[in-house]
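# Understanding the architecture of this molecule
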Amino acid sequence: MDRKKLEQLIFDTCSVEPDYPWMDTPESAVFRHPGNRKWFALVTTVSRSKLGLPGKQSVDIVNLKCDPLLIGSLRMEPGFYPAYHMNKDNWITAALDGSARDDTIRMLLEMSYAATVPKLRKKPRPSAACPCHDCVGCAARKK
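All residue numbers here refer to positions counted from 1 along the written sequence of the relevant chain. With the structure being a predicted model, the display of local features is reserved for residues of pLDDT at least 70 and the display and counting of side-chain atom pairs for 80 or more, all residues being used for whole-chain, interface and lining totals. Side-chain metrics in this entry use all non-hydrogen atoms of the structure; hydrogen atoms and water are not considered.

Going by what an unreviewed UniProt entry lists, the chain is known as MmcQ/YjbR family DNA-binding protein and is assigned to Faecalibacterium wellingii.

Attention now goes to the packing of aromatic side chains. Centres within 6.5 Å make a pair out of two Phe, Tyr or Trp rings, where for Trp the six-membered ring is used; the pair is then stacked when the planes are under 30 degrees apart, edge-to-face when over 60, and tilted otherwise. In the structure shown here, the tally under the stated rule is three aromatic pairs. Centroid distance F31 to F40: 6.5 Å. Interplanar angle 50°. Geometry classified as tilted. Pair check on accessibility: F31 and F40 agree, each one buried. Measuring from ring centre to ring centre gives 5.0 Å for F40 and Y113, while their planes differ by 90°; the resulting arrangement is edge-to-face. With F40 in strand β2 (residues 39–47) and Y113 in helix α3 (residues 102–115), this residue pair connects regions lying 73 residues apart in the sequence. Exposure categories follow from relative accessible area, calculated using a 1.4 Å probe and restricted to protein chains: below 20% of the type maximum is buried, above 50% is exposed, and the middle band is partly exposed. Classification of F40 as buried rests on a relative accessible area of 0%. Judged by relative accessible area, which is 21%, Y113 ranks as partly exposed. Segments assigned H or I by DSSP are reported as helices when at least four residues long, segments assigned E as strands when at least two residues long, and all are numbered from the N terminus.

Looking now at the side chain of T44. In this structure, T44 sits in strand β2. Taking the relative accessible area as the measure of exposure, T44 reaches 7% and is therefore buried. By definition, residues are in contact when any of their heavy atoms lie within 4.5 Å. Apart from the residues lying within four places of it in its own chain, the contact partners of T44 are R3, E27, S28, V59, D60 and I61.

Structural data, given as structure tokens:
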């Protein structure tokens, strides 16, 4: 999968447009979850040497949030590397040069998006001592 195909996949799957937050690296695109603005993907270009590969040519990569239990086995697959410039316990890097399998990148994209879904907040439970049994802004509590 290349960068253009990944960006189209993200739009088609998540309905998210890229954000370009850094003026000094205009090729770096952040994809944020619309519900809470958390990142679920970062697409950028790095030197192959930054991934521990031979050569100084550039390669497009994507960083995806990942279950820590999967990271070790994924790094054994071609095209997957320790997360570039991110927490290596929770993120993984995939090269967008055809070396990483498309179906694995798709699966990781879905997992990353799901991992950044806004959490539902629990409504505070009413206190047994509250006469109205609705402690959220109740008049008895304000006295």
